[in-house]
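# Architecture and fold: a report
The residues making up each chain are set out below.
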Amino acid sequence: MKTITRKKERLKNNLKDEKIISIIESSSFFALGFILSMSTVLKYASPFSISLISVSKKNNFVYTAIGSALGYLVFCPNSFARYGVAVVIVALGTFAIIISDVRNSPIMPMIISFLSLAVTGFVVNLKTGSAFAEYALTFGESVLGLCGAFFFYRTINCNFKRFRFKALPISDLTCIIISASLILISLSRLTIGGISPVRVLAIMLILLVARFGSDKLGLILALSLGFALGISNENTIFLVGAYGFSALLSVLFSPFGNFGVGLSFFLSMSLFSIASTSDNAIYFAAEALISSIVFTLLPQVVTSKVETFFHDSSDVVPDGSLRQSLVVRLRFAANAMNHISESVNEVREKINDINSKNTIISKENLSEDEYITREIINEKTNEIRMVASDQFFSIADMLMDLALEFDEAEHFDNISAGKIRRMLGEYDIFPKNISVIEDKYSRVRIEIMTKGREVAFSNPKITNEISKICNRYFEKGQVTHFKNDTMISFSEKPNYSIDIGFAQHSAEGTLCGDTIKIVNDGKGHSVLIISDGMGRGGRAALDGAMGAGLLSMLLTAGFGFDSALKVVNSALLVKSNEESLATLDCASVDLFTGRVDFYKAGAPASYIIKGNKVSKCELTSMPAGILRGIEFAKRTAVLSDNDIVILTSDGITELGGEWISAMFTGFEDMRPQEIADSILKEALNIAKGTKEDDMSVIVAQVNRMYN
């Protein structure tokens, strides 16, 4: 009963809050309609209140219309008949748009704004016998109303909930700035001794953005404010160019600090004011002087907060001491996991001792079947405890891998991350997190985490835009899907490309016991994997797919080969009661240096072809899924242009090695896919009349890239 009462009270409070929000919103639209009706351009035209009505939503357009009508009655009594009719027309048109549910674009509001102003204006022109110039003025006012509807529409429909203001796309920011500037037209009429506080504030904003924000945003703000504050009178239209050029000078002199920015803006504005024919020129220069002095004298605590506002990127991976703190914490967590694993091992051994003693004591009282059953249970329980211990060790290794990765990341470029976030907003992509990471080798990679299965990154323009922002060349993004998120990794274009061919043969049915995986780890490495499950057919295919799938997923997620192998080994150990194993054969090619690292767990020999010279890489190791604590056997080689790496499963190598080496001499003019097909075809010919095994081959050729 109490729960139901609480729910009712919570529902009432929510409804009350929604009602308050609705009242505030409606009052705001009423006030904006009233204020905008006071905004006059070129002395006579007042179109922007009409524009706002056309884009107001269904709960607010009536209040906007009432506020606009009242404003026109107060501020434009001589033209109230014309603007009053325009308010009625645009309100009816807006109601029709809402009813027909076609508000997903600004086109209809723009058309309605234009028609309501044009029709009423031309009727008045006809009735009063106006000259051609009056018709042109009416047409210009209608165009301004159309443009105002566009800017207001974009501003109202900005996705504020998913963005902080500073992270909005530049197009949305521009629309917001222009919309706010149109509102300031009305307030700019208020002066103190001929000086407008609104224009002083506008110049202050331009100086702050030019000094601490982006150059592009500063110029957009200056041009928008100059246009809005200049079109109110023919004698002030020069403010468009004056504000824009003065802001450009401020950007150029920003290296000289606040004083350089303020002085350059004031001198430029003084020049424009003297050159203008306006009677109020002295006031415009005085406004620039006041703004520049206040800006120059701003205390450091204020300027620091403004700079932080423009350049802070708290959602990007931290740099400096915070990064080191993260590394320390990861290493501490890894050591803790190691300690837990050792403790589990100690407990396991003590339990085994106790169970052994109890079994010896009670052996005489047990039948043979009971004794065997107890021993089997103890053995299985012991295996589970050992696997649990291995899992803790694996987690510790993974944490150490992450610590090493963060430690090697020399720099996190938060400013570029913020620019990328803003650019992605232009494509309606809203990432959860963006990291721009430069490692100790000066290689840059970008990791973008998005919610769900984001597919918009397939657009090649995004890669080009990211390349321009970071001043690097990037490859197409590699997409990795997790359960509810997607990671897109952009790697810097390397010095080498890799051409890959592969071929497979199933010895039994359609399921091949070998699994081939080719992945890019997002750090400039192309990884080739062959996993051979025990036996043939479906069961072998399951083991092979499990081994290759887990390994490739962990490598793509950023973990090292050794820690990933431990996880795969543990997974195969506990997969079923029956014996389950898989060989793992990996070659990781660094596409920046040409270095290739071979990792083998029970896998057969691999080959490197350099011109006419063949090198064999054969390492002794154990497959995964048999014993605890297995490790990769490793070897490293360096590749150059046109060198070839060949990986095969034991279904091919067990047929003998001479025929493979003999074939290599004829591969000079063949593509990797042709080589793979030739090796498999020859292996099948040799295996005729014998018990075939599953066969797999990967051929990778390294090619030098020339920009």
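Structure shown above.
Reference entry: report on the structure contained in this document. (Residues numbered from 1 in each chain as written. Predicted model: local features only at pLDDT ≥ 70, side-chain atom pairs only at ≥ 80, totals over all residues. Heavy atoms only, no water.)

### Examining the overall build of the chain
Assigned secondary structure in the chain consists of 22 helices and 15 strands. Taking all 707 residues of the chain together, 46% fall into the buried category. Excluding contacts between residues fewer than 6 apart, the proportion of contacts in the chain whose partners are at least 24 apart in sequence is 70%. Working note: accessible area of the chain is about 35500 Å², and carbon and sulfur atoms make up 60% of it. (Helix = DSSP H or I, 4+ residues; strand = E, 2+ residues; numbered from the N terminus. Buried < 20%, exposed > 50% of the residue type's maximum accessible area, 1.4 Å probe, protein only. Contact = heavy atoms within 4.5 Å. Areas by Shrake-Rupley, 256 points an atom, 1.4 Å probe, with all protein chains shown as cover.)

### As for the sheet that holds strand E12 (residues 613-617)
Taken in spatial order, the 5 strands line up as E6-E15-E14-E11-E12 in an open sheet, and their pairing is antiparallel. The open sheet has two edge strands with one neighbour each: strand E6 (496-505) and E12. In this sheet, adjacent strand axes meet at a mean angle of 15° when their direction is disregarded. Two elements, E6 and strand E15 (residues 695-704), share 10 bridges in a ladder whose sense is antiparallel. Across the sheet, Ile 498 pairs through a bridge with Val 702, a residue of E15. In this fold helix H22 (residues 672-686) packs onto E6, strand E14 (644-648) and E15, with an angle of close to 25° to the strand it touches most, E6. (Pairing = 2+ DSSP bridges. Axes fitted to C-alpha atoms, helices over the stretch in contact; angles between N-to-C directions.)

### Observations concerning the environment of Ile 462
Secondary-structure assignment places Ile 462 in helix H17 (residues 460-470). Classification of Ile 462 as buried rests on a relative accessible area of 0%. A sequence separation of 35 residues divides Ile 462 from Tyr 427, and the C-alpha atoms of the two residues are 8.4 Å apart. The residues touching Ile 462, leaving out its near neighbours within four places in the chain, are Met 423, Leu 424, Tyr 427, Ile 429, Ala 456 and Phe 457.

### A few points about the environment of Val 519
Examined against the element boundaries, Val 519 turns out to sit in strand E7 (residues 514-520). Along the sequence, Val 519 and Ser 588 sit 69 residues apart, while their C-alpha atoms lie 9.5 Å from each other. Beyond its immediate sequence surroundings of up to four residues, Val 519 is in contact with His 525, Ser 526, Val 527, Ser 552 and Thr 556.

### Quick look at the side chain of Asp 532
Following the sequence through the fold, Asp 532 ends up in strand E8 (residues 525-533). Every residue in contact with Asp 532, bar those within four places of it in the chain, is listed here: Gly 513, Asp 514, Leu 581, Ala 582, Thr 583, Ser 649 and Asp 650.

### Here we look at the packing of helix H4 (residues 80-100) against helix H5 (residues 107-128)
One way to put it is that H4 packs onto H5 with a least axis distance of 9 Å and a crossing angle of 155°. With respect to H5, the axis of H4 lies roughly antiparallel. Judged by the sense of rotation from one axis to the other, the crossing of H4 with H5 is right-handed. Contact with H4, carried on its side by Arg 82, Tyr 83, Val 85, Ala 86, Ile 89, Val 90, Gly 93, Thr 94 and Ile 97, involves Met 108, Pro 109, Ile 112, Ser 116, Leu 117, Thr 120, Gly 121 and Val 124 of H5 and no other residues of that element. (Parallel < 35°, antiparallel > 145°, perpendicular 65-115°, else oblique. Left-handed = near helix turned anticlockwise from the far one by under 90°.)

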